[in-house]
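Chain residues, written in single-letter form:
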Amino acid sequence: MDDLQRRADAFAALADPGRLQIIDLLSIGDMSSSEIAAALGMKSNLVAFHANVLESRGIARRVRSESDGRRSYLQLIPEAFSALALGPRRVEGRVVFVCTANSARSQLAQAIWTTHSSIPAASAGTRPADRVNPGAVAAAARHGIPLEADATPRSFDEVARPGDFLISVCDHAHERMRGRDDVHWSIRDPARTGSIEAFDETVAELRSRIARVAPQLTAA
C-alpha cells in the first residue's frame, strides 16, 4: 500500500469518537471486547466493528487468551503511531535560516539548531544589518544559547549553497525569496519593540519549532 494512503486510512480510523475511546482504553492495557463494551457502555456488535477497523488498519491486534482459548484481547500495536509520522526528509547540505537583517531571528535559530541536530546550520539575511542586535545577544545569554561571540550578519547570496535546506523565519524574507525557501516560519521581529519580552518570546517559539522539525530532517 502506498505510504500516504496507509497513513490516511489510519488517521481516518482514528477520527471516529468511538474508536478513539477504545484507543484511550488500550493505551493503558489490553482488554477483551466484553470489557471494552462494559467500560464504554457500547453495544457488543459496535465494539466488534470498531475492533475490526482498528485491526485492519494495523493499529490494534487480537491476541488469544492463554487461559480461555475462546477469549481474545485487543491490544495496541506499539509501532502504529510512530509509523503515522512523516518519514525524515533528507538534507543534502546545511540548514540555513534566513530573515531580513540576519541580526536576530536567524542568528538565534542557527545557534538553537546546533543543540538539536548534527546537521550543520548557517544563517543569512536578504538585507543584512551591520551587526547582530544587542537584544539577541542578551537573549542568547539569558537562555544559555551558544550564539557565537563573533557572529556577523551576512547576505543570503553570500551564504547560500546548492543543496542547502532554506528556512525563512520572517515574512519579508519569505516574500522576497519568492519560493526559493523550502520552509517558512512566520515569526514576528522582536527588534520592532526591542523589549526583553519580545526577544524571550522569539526564543521560545524558535525552540519549539526547531524541537519539532529537527527530528524530521536527516543528513543525506
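None of these values were measured; they are calculated from a predicted model. Along every chain, residues carry numbers that run from 1 in the direction the sequence is written. Given that the model is predicted, a residue must reach a pLDDT of at least 70 before its local features are reported, and side-chain atom pairs must reach 80 or more before they are shown or counted; all residues, however, enter totals for whole chains, interfaces and linings. Derived side-chain values reflect all non-hydrogen atoms in the structure, with water molecules and hydrogen atoms excluded from consideration.

1. Quick word on unusual backbone geometry
To keep it simple, the criterion reads: To qualify as a helix, a DSSP run of H or I must reach at least 4 residues; to qualify as a strand, a run of E must reach at least 2; elements of each kind are numbered from the N terminus. Only protein chains enter the accessibility calculation, which uses a 1.4 Å probe. A residue is then buried if its area is under 20% of the maximum for its type, exposed if over 50%, and partly exposed in between.
A positive phi angle, near 55 degrees, is found at asparagine 102, a position not held by glycine. Within the element layout of this structure, asparagine 102 appears in the loop between strand S4 (95–99) and helix H6 (105–113). A relative accessible area of 0% places asparagine 102 in the buried class.

2. Considerations on H6
Most of H6 sits inside the fold, with nine of its nine residues counted as buried. Every buried residue of H6 is accounted for by Arg105, Ser106, Gln107, Leu108, Ala109, Gln110, Ala111, Ile112 and Trp113.

3. Examining the pattern of salt bridges
In plain terms, the rule: When a carboxyl oxygen of Asp or Glu lies within 4 Å of a side-chain nitrogen of Lys or Arg, that pair is called a salt bridge.
The tally for this structure, following the rule as stated, stands at nine salt bridges. Between arginine 89 and aspartate 182 there is a salt bridge; the shortest N-O distance is 3.8 Å. Here arginine 89, found in strand S3 (residues 89–91), pairs with aspartate 182, found in the loop between helix H9 (171–177) and strand S7 (183–184); they are 93 residues apart in sequence, far enough to count as distant. A relative accessible area of 34% places aspartate 182 in the partly exposed class.

4. Looking at empty space enclosed by the protein
As a reminder, the rule being used: Buriedness for pockets is judged along seven lines, at least five of which must meet protein on both sides within 12 Å for an open set on the 1 Å grid over protein atoms alone, while cavities are sets there where a 1.4 Å probe fits but cannot get out, and lining residues have an atom within 4 Å of a point. Grid points are joined across faces, edges and corners, and a volume is the space filled by probe spheres set on the points. When residue character is reported, Ala, Val, Leu, Ile, Met, Phe, Trp, Tyr, Cys and Pro are called nonpolar, Asp, Glu, Lys and Arg charged, and the others, Gly included, polar.
All told, the structure shown has one cavity of 30 Å³ or more when counted by the stated rule. Empty space within the largest cavity amounts to approximately 30 Å³. Every residue lining the largest cavity is listed: Met31, Ser32, Ser33, Ala51, Arg62, Ser72, Tyr73 and Leu74. A per-class count over the lining of the largest cavity returns four nonpolar, three polar and one charged.

5. Here's the deal with helix H10 (residues 196–213)
Rules: By definition here, a helix of n residues has an expected span of 1.5 Å times n minus one. The arc in question is traced by the directions running from the helix axis to the C-beta atoms. The contact criterion used throughout is that any non-hydrogen atoms of two residues lie within 4.5 Å.
Look at H10: 26 Å from first C-alpha to last across 18 residues, which is about the 26 Å you get at 1.5 Å a residue. Within the span of H10, buried status applies to Ala198, Phe199, Thr202, Val203, Leu206, Ile210 and Val213. End-on view of H10: buried residues confined to an arc of 135 degrees, all on one side of the axis. Facing away from the buried side of H10 by more than 90 degrees, the exposed set consists of Glu197 and Glu201. Those residues of H10 that are buried lie in contact with S4, H6, helix H7 (134–143) and strand S8 (217–219).

6. Remarks on the packing of helix H2 (residues 17–26) against helix H4 (residues 44–56)
Rules: For helices, the fitted line uses only the C-alpha atoms of the stretch in contact; every axis is such a line through C-alpha atoms, and the angle between N-to-C directions lies from 0 to 180 degrees. Roughly parallel here means an angle under 35 degrees, roughly antiparallel means over 145, roughly perpendicular means 65 to 115, and every remaining angle is called oblique.
Packing of H2 against H4 leaves a shortest axis separation of 10 Å and a crossing angle of 75 degrees. The orientation of H2 with respect to H4, classified from their angle, is roughly perpendicular. Residues Gly18, Arg19, Ile22 and Ile23 of H2 touch H4, and the partners they reach there are Phe49, His50, Val53 and Leu54. When the residues that make up the contact of H2 with H4 are grouped by side-chain class, the tally is five nonpolar, two polar and one charged.

7. Focus on the environment of histidine 174
Relative to the helices and strands, histidine 174 is located in helix H9. The spatial distance from the C-alpha of histidine 174 to the C-alpha of proline 190 is 17 Å, given a sequence separation of 16 residues.

8. Section: the pairing of strand S5 (residues 121–125)
This is how it is decided: DSSP bridges decide pairing: two strands pair if at least two such bridges lie between them. Here the term right-handed applies to a crossover when the path leading from its first strand over the helix to its second strand runs clockwise, the strands being oriented away from the viewer.
For S5, a buried count of five out of five residues is recorded, marking the element as mostly surrounded by other parts of the structure. By the alternation rule, side chains of S5 split into Ala121, Ser123 and Gly125 and Ala122 and Ala124, which are all buried. Where S4 and S5 come together, five bridges link them in parallel fashion. Each bridged residue has a counterpart across the sheet, and for phenylalanine 97 the counterpart in S5 is serine 123. Assessed by its sense of winding, the connection that carries the chain from S4 through H6 to S5 is right-handed.

9. So, the pairing of S4
Along a regular strand, successive side chains alternate from one face of the sheet to the other. Counting buried residues in S4 gives five out of five residues, a clear majority hidden from the surface. Residue alternation in S4 divides its side chains into two sets, Val95, Phe97 and Cys99 and Val96 and Val98, and both sets are buried.

10. A few points about the layout of surface pockets
The calculated volume of the largest pocket comes to roughly 190 Å³. Taken together, Asn102, Gln107, Gln110, Ala111, Thr114, Ser123, Pro146, Leu147, Glu148, Ala151, Thr152 and Arg154 make up the full set of residues lining the largest pocket. It is H6 that contributes the most residues to the lining of the largest pocket, three residues altogether. Across the lining of the largest pocket, the residue classes tally to four nonpolar, six polar and two charged. Its volume calculated, the second largest pocket comes out at about 160 Å³. Lining the second largest pocket are Thr100, Arg105, Cys170, Asp171, His172, Ile187, Arg188, Asp189 and Arg192. Taken together, the residues of the lining of the second largest pocket sort by class into two nonpolar, two polar and five charged.

Note that all results are geometric; they support no functional claim without further evidence.
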